[in-house]
Amino acid sequence: MAEMTGHAPAGQAGEKDAGEGHRHGVSFGEAFRVWLRVSALSFGGPAGQIAVMHRIIVDEKRWIGEHRFLHALNYCMLLPGPEAQQLAIYIGWLMHRTAGGLVAGILFVLPGFLSILGLSYIYAAYGSVGLVAGLFFGLKAAVLAVVVQAVFRIGGRALKNRVMVAIAAAAFVAIFFLHMPFPLIVLAAGLGGFFGGRLGLAAFQTGGGHKAGSGPVLSDAESALGEDIPAHARPNLGWSLRMSAVLLALWLVPVATLYIAFGAGNVFTEIGLFFSKMAVVTFGGAYAVLAYVAQQAVQHFGWLKPGEMLDGLGMAETTPGPLIMVVQFVGFMGAYRNPGSLDPMLAATLAAILTTWVTFVPCFLWIFLGAPFIEKLRGNAALAGAMSAITAAAVGVILNLAVWFGVHTLFAEVASVRLGGLQLDIPVLQSAVPAAMALSAAAAIAIFRFKASVIATLLACAAAGVLWTLAVG
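A brief structural summary.

With that settled, consider the packing of aromatic side chains. The description of an aromatic ring pair rests on the distance of the ring centres and on the angle between the ring planes. A full pass over the atoms with the stated rule returns 21 aromatic pairs. When the ring of Phe274 is compared with that of Phe301, the centres are 5.4 Å apart and the planes differ by 70°; the resulting orientation is edge-to-face. Of this pair, Phe274 sits in helix H10 (residues 267–281) while Phe301 is found in the loop between helix H11 (286–300) and helix H12 (306–317), placing the two residues 27 residues apart along the sequence. Classification of Phe274 as buried rests on a relative accessible area of 3%. Here the aromatic residues Phe274, Phe275, Tyr292, Phe301 and Trp303 are joined through ring pairs into a cluster of three or more. In this structure, Arg449 packs its charged tip against the face of Phe450, placed 5.3 Å from the ring centre.

Structural data, given as structure tokens:
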């Protein structure tokens, strides 16, 4: 969106848009149907979701041009939270103002929310039953291979020089050996990258991003929106502040109410506060923050058992929507096991809604607050450096996630050992699970050697897990 902060002369296209409807000719009803289609096809993590959006919005519908699409994507990548969903909000807002952004963002999340909620009910009610246990056993083994793939994929993009490799290594040591909190790691990496970029150091000018598509490039002038600036897309500090105030209230008032009504120790208060914090620090993609979520949910809050985080990740990998939707499962199980005076399923359902609310409402805040001023971020070396360093740190954190998942998936028993100031989780070798090792190896071969899709690999391993459970049961 290079043209977004330009100033169209009075009476031209921008003001016509404000007074005469949408000049691009795309009705709100048509946009609703398109966003519903995008949401239903949003499998495969952010890269796959962005590719689907690009194919439908740019190549097929020709709503906006390639340049505007990539400019919006680059802005969304600087934000905490799922960039694919934020990109949908951005384009929806650009096409149909606030209502368009709300519809695009909500629809992007809704199918995944409903799918994971249904799977969570089954998991809570029947998780120990043979068939269901086998299903998630297979998913868990496959997810380990998927996380390892993420280490290589993101590492190949982010670790372009020795400085970035050093940042990734430092992040791994900090979280794996020293158990430093993820937000502190993100902050340290971001500050280092910011100042490195501001000083013009070459190591912090690596850039990054997803490749949107290939083939003929649609110019902005040839798109339905054209090169004109919609009136609502012009920088308007008053509108941004008013919208931000509303969204901040929608986000934080429920959390504050829970705190006042039930106190800090209540499970709903803990869920609201914890995942609100996650919404602010989810840089580097879902895999990066999941290491911290798993660590806190299992070791600090006791909401999950170690292997259950992998079960939730398997749900998120096989359903549409952002991968970060796995936090919904975490909140669900946390309240299911600590329902207080409520029915466990009711408490779990309310917690799933609360978790989703505090995770995704901030995404609308970041877009509606900053999108009109996006032009000011273009070519900013300091921000680009911060993003590069944060992405490098995310590689180290994801490696920690892979090790943590591997230890708890491939071995039935894990011992915690202290070496000086370090604390390590050491697998008990005698507790190795050969079936899990075989399934994980098969998943890794399928993904790395035969380039099988993640969805196909997960489904195949889930089926194998069921067959294995029936065979030994």
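A cluster of nonpolar side chains, namely Leu102, Ile106, Leu110 and Leu114, defines an oily patch on the protein surface of about 330 Å² accessible area. Summarising the element assignment, Leu102 is placed in helix H5 (residues 83–126).

Okay, the pairing of strand E2 (residues 422–427) next. Relative to E2, strand E1 (residues 414–419) is paired through 6 bridges, and the arrangement is antiparallel. Bridging from a neighbouring strand, Val417 pairs with Leu424 of E2. Between the antiparallel neighbours E1 and E2 lie 2 residues, among them Gly420 with a positive phi of about 65°.

Further remarks concern empty space enclosed by the protein. A probe as big as a water molecule, rolled over the atoms, marks out the empty space that is left. Counting across every chain of the model gives 4 cavities of 30 Å³ or more. Put simply, the largest cavity is a space of about 170 Å³. Along the walls of the largest cavity sit 15 residues, with Phe176, Gln299, Asn400, Trp404 and Asp425 positioned nearest its centre. Mapped by element, the contributors of at least two residues to the lining of the largest cavity are helix H7 (162–176), H11, helix H15 (381–410) and E2.

Rules and cut-offs
Residues numbered from 1 in each chain as written. Predicted model: local features only at pLDDT ≥ 70, side-chain atom pairs only at ≥ 80, totals over all residues. Heavy atoms only, no water. Phe/Tyr/Trp six-rings, centres within 6.5 Å; stacked < 30°, edge-to-face > 60°. Helix = DSSP H or I, 4+ residues; strand = E, 2+ residues; numbered from the N terminus. Buried < 20%, exposed > 50% of the residue type's maximum accessible area, 1.4 Å probe, protein only. Lys NZ or Arg CZ within 6 Å of the ring centre and 35° of its normal. Patch = residues over 30% accessible without salt bridge, like charges linked within 9 Å, V, L, I, M, F, W, Y side chains within 5 Å. Areas by Shrake-Rupley, 256 points an atom, 1.4 Å probe, with all protein chains shown as cover. Salt bridge = Lys/Arg side-chain N within 4 Å of Asp/Glu carboxyl O. Pairing = 2+ DSSP bridges. 1 Å grid on protein atoms, 1.4 Å probe; cavity = no way out; pocket = protein on both sides within 12 Å on 5 of 7 lines; lining within 4 Å. Points joined across faces, edges and corners; volume = space filled by probe spheres on them.

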